[in-house]
Amino acid sequence: MDYDSIFTECASLLHKENTILHNLKALCDYLHKAIPHYDWFGFYIAKKDKHELVLGPYCGESTDHVSIPFGKGICGQAAETQKTFLVSDVSKEENYLACSIKVKSEIVVPIFTPNSKQEKKIIGEIDIDSHTINAFTKDDETFLQKLSILVAENIASIQQ
Ligand code: SME
């Protein structure tokens, strides 16, 4: 997988439209198509001071998990600990919110306010489900962490 050229394409997609939701949806549609093991690609947005995530743009099957409290499921744990969660086999994860029986592995990467000199603040997450067990590698993690910074910068530039 050529993550460098995929990353370049993501950067150019983010500069095409000028609304955050439009940009995020464009990324979901592109990455869902470009990377075969990304069977569900979406964003959760952290509600300010509410310790809750709400479903943002996504591409893939619809999900019941439209709002997730911090601490619940893989998304909630990533939000609470402010860490990337890479789950190779979701059947072995006790604190997990199932979306579909087809999902076998998942990765969740937090998105933080960019260049924050103060306390690191989570503004959202990238969430990806795969129908393949053990689908995500260190390369996915590195790519998605870079992407999360790009997304945070794009959100900040639109909000200014
Ligand atoms: N599986 C997630 C819930 C969100 S869906 O994957 C879209 C979790 O355990 O937090």
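Notes on the structure in this doc start here. (Residues numbered from 1 in each chain as written. Predicted model: local features only at pLDDT ≥ 70, side-chain atom pairs only at ≥ 80, totals over all residues. Heavy atoms only, no water.)

Let us now look at the packing of aromatic side chains. Throughout the structure, instances matching the rule amount to five aromatic pairs. A network of ring pairs unites the aromatic residues Y38, F41, F43 and F136 as a single cluster. Cation over ring: K146 sits above F7, and NZ or CZ is 4.3 Å from the ring centre. (Phe/Tyr/Trp six-rings, centres within 6.5 Å; stacked < 30°, edge-to-face > 60°. Lys NZ or Arg CZ within 6 Å of the ring centre and 35° of its normal.)

Looking now at the environment of D2. With respect to the element layout, D2 can be found in the segment before α1 (3-14). For the pair D2 and V54, spaced 52 residues apart in sequence, the C-alpha to C-alpha distance is 31 Å. (Helix = DSSP H or I, 4+ residues; strand = E, 2+ residues; numbered from the N terminus.)

Let us now look at the site of the ligand. Lining the immediate surroundings of the ligand are W40, Y44, T63, G73, I74, C75, Y96, L97, C99, E106, D127 and D129. One of the side-chain nitrogen or oxygen atoms of E106 is found 2.8 Å away from a nitrogen atom of the ligand. Calculation on the ligand without its partners gives an accessible area of 310 Å², and the protein chains cover 100% of this total. Counting atoms within 2 Å of the grid points, the majority share of the ligand lands in the largest cavity. (Near = heavy atom within 4 Å. Polar contact = N/O pair within 3.5 Å; in protein donor to acceptor, adjacent residues only side chain to side chain. Areas by Shrake-Rupley, 256 points an atom, 1.4 Å probe, with all protein chains shown as cover. 1 Å grid on protein atoms, 1.4 Å probe; cavity = no way out; pocket = protein on both sides within 12 Å on 5 of 7 lines; lining within 4 Å. Sits in = over half its atoms within 2 Å of the grid points.)

Nothing here speaks to function; it is all geometry.
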